[in-house]
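Chain by chain, the residues:
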Amino acid sequence: MNTNATLYLVDGSSYLYRAFHALPNLTNSQGEPTGALLGVANMLRRLLNEAQPELIAVVFDARGPTFRHELYPDYKANRPPMPPELSRQVEAILDFTRLLGLPLLQVEGVEADDVIGTLAKQAEAEGMRCVISTGDKDMAQLVDERTTLVDTMRGSVRDLDGVVAKFGVRPDQIVDYLALSGDSSDNIPGIPGVGPKTAAKWLGLYEDLDGVKAHADEIKGKVGQNLRDSLDQLPLSQQLTTLKLDVPLPVGPNDLRPQPPDLQALREWFTRIESNRLLATLEPE
């Protein structure tokens, strides 16, 4: 068991969207969009410089539906299509990740979150520590004594106490918390009128979703009636918010070792997107 190792898992899909929305719609002189490219490049390089990881993977969502769409056809149905100026950058971002020498994973039928969760649990079974770089609140369910979350955009670290401070519930209660309050970003239905504070209050009183359901008749007012009216829907919401932790993968944690970057290809890449700042980070020829 590699008990001294730390596995870094990067939520590449989270990086991609956050970079796109955080930066202006930049283009190079040929009119190619570059904002998301630059954002992801800067976040990955910052993580590599600060962490110097021995084990790391960058995980992106694969194209196409997932098992959650089979469970609930309206899953993420409220999301508009990816903006064309972002979709034009996706392949370049994947290429850049490979040029950095970083292991990259995409698995059809599941989300990046599920792949990350599977690898995190495999790493824990090997005695490793795990650091997950993401801005996704769903990932809080993975936090424990060996796994923490980092947000490179905000510079925050979220451990066991950090999850409680942020959400008012423990990591092992996050799934039920999301099932009760819903997740508008994924179009997962919650209990009408139940927001994060009410969900956290109920879980503080009744421990888990089964406890909330067992005490549903005691909860007064309109929100109590909404809970009772939604009892049949709660198991589906709970299933949709639960990460799949047994995704079959072609590699394991010990295989995820970064390789030397392709400096010449990176020079050409940075030149094409006209980033003098990134060019300056490369070693001189």
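First, a word on scope: everything that follows refers to the structure included in this document.

What counts as what
Residues numbered from 1 in each chain as written. Predicted model: local features only at pLDDT ≥ 70, side-chain atom pairs only at ≥ 80, totals over all residues. Heavy atoms only, no water. Helix = DSSP H or I, 4+ residues; strand = E, 2+ residues; numbered from the N terminus. Buried < 20%, exposed > 50% of the residue type's maximum accessible area, 1.4 Å probe, protein only. Polar contact = N/O pair within 3.5 Å; in protein donor to acceptor, adjacent residues only side chain to side chain. Contact = heavy atoms within 4.5 Å. Pairing = 2+ DSSP bridges. Core = buried A, V, L, I, M, F, W, Y, C linked by side-chain atoms within 4.5 Å.

## Brief notes about the side chain of Thr 241
For Thr 241, the location among the structural elements is in helix H11 (residues 234-241). Assessed through its relative accessible area of 2%, Thr 241 is described here as buried. In terms of polar contacts, Thr 241 uses its side chain to reach the backbone carbonyl oxygen of Val 175, at 3.3 Å. Sequence-distant contacts of Thr 241, defined by excluding residues within four places in its chain, comprise Gln 141, Val 175, Leu 178, Ala 179 and Ile 188.

## Considerations on the side chain of Gln 89
Locating Gln 89 in the fold gives a position in helix H4 (residues 84-99). Since its relative accessible area comes to 2%, Gln 89 is described here as buried. There is a polar contact of 2.7 Å between the side chain of Gln 89 and the backbone oxygen of Glu 85. Each residue touching Gln 89, except ones within four places of it in the same chain, is listed here: Phe 20, Pro 33, Thr 34, Gly 35, Ala 36 and Leu 37.

## Quick notes on the pairing of strand S1 (residues 6-11)
Burial within S1 is extensive, with 5 of its 6 residues counted as buried. Alignment of S1 against strand S2 (residues 55-59), held across 5 bridges, turns out to be parallel. Directly across from Val 10, in S2, lies its bridge partner Val 58.

## Some words on the pairing of strand S4 (residues 129-133)
Within S4, 4 of the 5 residues are buried, which leaves it mostly tucked inside the rest of the structure. The pairing of S1 with S4 spans 5 bridges and is classified as parallel. When the bridges of S4 are listed, Thr 6 appears paired with Arg 129. Inspection of the sheet shows S4 paired to strand S5 (residues 147-151) by 4 bridges, in the parallel sense. Opposite Ile 132, over in S5, you have Leu 149 as the bridge partner.

## Overview of unusual backbone geometry
Phi is positive for Lys 76, which is not a glycine, with a value near 60°. Phi is positive for Glu 274, close to 60°, though the residue is something other than glycine. Positionally, Glu 274 belongs in the loop between helix H12 (263-272) and helix H13 (276-279).

## So, the nonpolar core
By size, the foremost hydrophobic cluster in this structure holds 48 residues, and its most contacted members are Leu 9, Ile 132, Tyr 177 and Leu 180. Contributions of two or more residues to this core are made by S1, S2, helix H5 (112-125), S4, helix H6 (160-167), helix H7 (174-181), helix H8 (196-206) and helix H9 (209-214). It is H5 that provides the largest number of residues to this core, a total of 6 residues. With 36 residues, the next largest nonpolar core counts Val 40, Leu 47, Phe 96 and Leu 99 among its residues.

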